[in-house]
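# Overview (structure and organization)
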Amino acid sequence: MAEKVKTVRGFRDLIGEEARKYRYVVDTARDILERNNFEEIILPTVEYTKLFARSIGEATDIVEKEMFTFQDKGGRDIALRPEGTAGVARAYIENKLYADGTYKKLYYEGSMFRHERPQKGRYREFHQIGAEVLGTSNPLADAEIIKIADDILKALKVDATIEINSLGCKKCRPKYREALLQYLKEHKEELCEDCQRRLERNPLRILDCKVEGCQLIAKNAPKITDYLCEECKTHHQKVKEYLKALGVEFVENPYLVRGLDYYSKTVFECVSEELGKTVIAGGRYDYLVEELGGPPTPALGFAAGVERLMLLVKELPKRPPLVLVIPFGGDREREEALKLAHRLREEGIRTELSYREGKIRKQFEFANKIGADYTIVVGENELKQGLFPLKNLHTREEIKLPFEEIVKVLKTQSG
Ligand SMILES: [Zn+2]
Ligand SMILES: [Zn+2]
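As the structure is a computational prediction, the values presented were derived from the model and not from experiment. (Residues numbered from 1 in each chain as written. Chains lettered and ligands numbered in written order. Predicted model: local features only at pLDDT ≥ 70, side-chain atom pairs only at ≥ 80, totals over all residues. Heavy atoms only, no water.)

### A closer look at the overall build of the chain
- Scanning the chain for helices and strands turns up 15 helices and 16 strands.
- Principal-axis analysis of the C-alpha atoms places the extent of the chain at approximately 90 × 55 × 45 Å.
- Buried positions account for 50% of the 415 residues belonging to the chain.
- For the chain, the proportion of contacts with a sequence separation of at least 24, taken over those separated by at least 6, is 69%.
- Of the roughly 22200 Å² of accessible surface on the chain, 48% is carried by carbon and sulfur atoms.
- Distance between charge centroids for the chain: 2 Å, based on 70 positive and 69 negative side chains. (Helix = DSSP H or I, 4+ residues; strand = E, 2+ residues; numbered from the N terminus. Buried < 20%, exposed > 50% of the residue type's maximum accessible area, 1.4 Å probe, protein only. Contact = heavy atoms within 4.5 Å. Areas by Shrake-Rupley, 256 points an atom, 1.4 Å probe, with all protein chains shown as cover. Lys, Arg positive; Asp, Glu negative; His and termini not counted. Charge placed at Lys NZ, Arg CZ, Asp CG, Glu CD.)

Set out below in structure tokens:
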């Protein structure tokens, strides 16, 4: 036998139930976003590396260690996208989506890539569905974006706690950063190596560190919410009021900072206790568009991790019943069965036409193997009489009916 080629390390196939789960998660989120009048944007998978360095931040793990970067044949530095927001912001600017003076609501879905150490449940290609609202600073948008995340979780029957915080703005965050830096410097020796290195460049990130020693120190650190300016405080207050009005449950986490540099004001995460991980996360990024060369554009959004949600989806919606049409006899029966199978599909009935040849017993074995719910045998007698046996494989009941009657019966079953 020839040598087998395998998947690339850190990549995987989604097959059968896994593929259906993937589609279910994405379609559920997409439905909710469409209902909220978001417009789909289909983005390229590759961008110039500098887009991510400038948006996500040079001093982040993603940009420092985890990006799939390479030079194309023209010597351009490009990267497989590690997330979706930077691409949306780039597209917004490049296509002048701000030109009509209104805000834009966009969503995307697709593969993201991060070159992390492969481990159980973590792959180098993963999927996100994300939403972005560009061109508004109205706190109604913050509340609605969190509500959409909540709606997605509820629709998927996934339990997660929504944590929210405000990261302040250009006016108030520097004061907080100063106070935090002061505090962390006093505890420098107790911080992990990564955090000691981060101290001057990105002290906020230390609040995010998973190392126990750092978490202990973070616990007593100054809180950003004590440093917010009037504008940020009012904005944060409004967001919380609107969420309460919508009946969205949330907890405030003053140490929630998010892993990316571009956030300001509202940030939130939906954390699954079962996974011990965040499944949807997002927030405001009021400066990103401007920093990428566009006009000043307050904006916000979220991204949902499809794989993580898939781990939490316990039940998939049932597929409609499957009918197996079995030709029995010769060419004429095969041709009639072919036509009848298509007639069923025209009516929206999930139908398989058996390509198997041989004894009727083998045909019923095949029906069980593919999980058929009904069979219809199309043989010489059936064609002569114009009556076909519709067999329910669960109850073993069989009724003989004219074909159009069978269509009616099955249509009511297929909903
Ligand atoms: Zn502020
Ligand atoms: Zn640390």
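Back to the write-up after that little detour.
### A short note on the coordination of the zinc ion (ligand 1)
- Those donors, Cys-169 (SG), Cys-172 (SG), Cys-229 (SG) and Cys-232 (SG), are the protein atoms that reach the zinc ion (ligand 1), and they lie 2.2 to 2.3 Å from it.
- One way to put it: the 4 donor atoms around the zinc ion (ligand 1) meet at angles of 103 to 115°, and that makes the site tetrahedral.
- Here the donor residues of the zinc ion (ligand 1) share one chain and are spaced in sequence as C-x2-C-x56-C-x2-C. Within this pair, whereas Cys-169 is found in the loop between β7 (161–166) and α6 (173–186), its partner Cys-232 is found in helix α9 (residues 230–246), the two being separated by 63 residues in sequence.
- Taking the relative accessible area as the measure of exposure, Cys-169 reaches 7% and is therefore buried. (Donors = N, O, S within 2.8 Å, 3.2 Å for Na, K, Ca; no water. Tetrahedral: all angles 85-135°; square planar, octahedral: opposite > 155°, others 65-115°.)

### Here's the deal with the packing of helix α5 (residues 139–155) against α9
- Look at α5 against α9: their axes get within 8 Å of each other, and the N-to-C directions meet at 45°. What the angle tells us is that α5 and α9 run oblique. Handedness of the α5/α9 crossing: right-handed. Facing Pro-139, Leu-140, Asp-142, Ala-143, Ile-146 and Lys-147 of α5, the residues of α9 in contact are His-235, Lys-238, Val-239, Tyr-242, Leu-243 and Leu-246.
- Residue composition of the contact of α5 with α9, grouped by class: 8 nonpolar, 1 polar and 3 charged. (Axes fitted to C-alpha atoms, helices over the stretch in contact; angles between N-to-C directions. Parallel < 35°, antiparallel > 145°, perpendicular 65-115°, else oblique. Left-handed = near helix turned anticlockwise from the far one by under 90°. Nonpolar A, V, L, I, M, F, W, Y, C, P; charged D, E, K, R; others polar.)

### Structural notes on empty space enclosed by the protein
- Across all of its chains, the model carries 1 cavity of 30 Å³ or more by this definition.
- Taken as a whole, the largest cavity encloses approximately 60 Å³ of empty space.
- As for the largest cavity, its lining consists of Ala-59, Asp-61, Glu-64, Arg-197, Arg-198, Arg-201 and Asn-202.
- For the lining of the largest cavity, the secondary structure elements donating two or more residues are α3 (61–66) and α7 (193–201). (1 Å grid on protein atoms, 1.4 Å probe; cavity = no way out; pocket = protein on both sides within 12 Å on 5 of 7 lines; lining within 4 Å. Points joined across faces, edges and corners; volume = space filled by probe spheres on them.)

### Description of a positive patch on the surface
- Together, Arg-356, Lys-359, Lys-362 and Lys-369 make up a region of like positive charge exposed at the surface.
- Here Lys-362 lies in helix α13 (residues 360–369). (Patch = residues over 30% accessible without salt bridge, like charges linked within 9 Å, V, L, I, M, F, W, Y side chains within 5 Å. Salt bridge = Lys/Arg side-chain N within 4 Å of Asp/Glu carboxyl O.)

### Things to note about the domain arrangement of the chain
- Here the chain is partitioned into domain 1 (17–172 + 228–312) and domain 2 (322–410).
- Relative to domain 2, the C-alpha centre of domain 1 lies at a distance of 49 Å. (Domains from an automatic or database assignment.)

### Considerations on the coordination of the zinc ion (ligand 2)
- Of the protein atoms, only Cys-192 (SG), Cys-195 (SG), Cys-209 (SG) and Cys-214 (SG) coordinate the zinc ion (ligand 2), at distances of 2.2 to 2.3 Å.
- Here the zinc ion (ligand 2) binds 4 donor atoms, and the angle range of 106 to 117° at the metal identifies the geometry as tetrahedral.
- Written as a sequence motif, the donor residues of the zinc ion (ligand 2) are C-x2-C-x13-C-x4-C.
- The exposure class assigned to Cys-195 is buried, which follows from its relative accessible area of 0%.

### Some points on the sheet that holds strand β2 (residues 46–48)
- Spatially, β2-β4-β3 is the arrangement adopted by the 3 strands of the open sheet, whose pairing is antiparallel. The open sheet terminates on both sides in strands that have one partner only, identified here as β2 and β3 (68–71). Ignoring strand direction, the axes of neighbouring strands in this sheet form an average angle of 35°.
- Of the pairings in the sheet, the one linking β3 to strand β4 (residues 77–80) comprises 4 bridges and is antiparallel in character. Among the inter-strand pairings, Gln-71 is bridged to a residue of β4, identified as Asp-77. (Pairing = 2+ DSSP bridges.)

### Describing the packing of aromatic side chains
- This model, assessed by the stated rule, comprises 6 aromatic pairs.
- Aromatic side chains Phe-388 and Phe-403 sit 5.7 Å apart centroid to centroid with 85° between the ring planes, which places their arrangement in the edge-to-face category. With Phe-388 in strand β15 (residues 388–392) and Phe-403 in helix α15 (residues 403–414), the pair connects residues that are 15 residues apart, well separated along the chain. Of the two residues, Phe-388 and Phe-403, neither departs from the other in class, the shared state being buried.
- The rings of Phe-11, Phe-68 and Phe-113 are connected pair by pair, giving a single aromatic cluster.
- When the ring centre of Phe-364 is taken as origin, the NZ or CZ atom of Lys-391, which lies over that ring, is 5.1 Å away. (Phe/Tyr/Trp six-rings, centres within 6.5 Å; stacked < 30°, edge-to-face > 60°. Lys NZ or Arg CZ within 6 Å of the ring centre and 35° of its normal.)

### What to know about the pairing of β7
- Counting buried residues along β7, 5 of its 6 residues qualify, which places the element largely inside the surrounding structure.
- Pairing geometry for β7 and strand β9 (residues 264–272), over 6 bridges, is antiparallel. Its bridge partner being in β9, Ile-162 is matched across the sheet by Cys-270.
- The pairing of β7 with strand β8 (residues 251–252) spans 2 bridges and is classified as parallel. Paired with Glu-163 across the strands is Val-251, a residue of β8.

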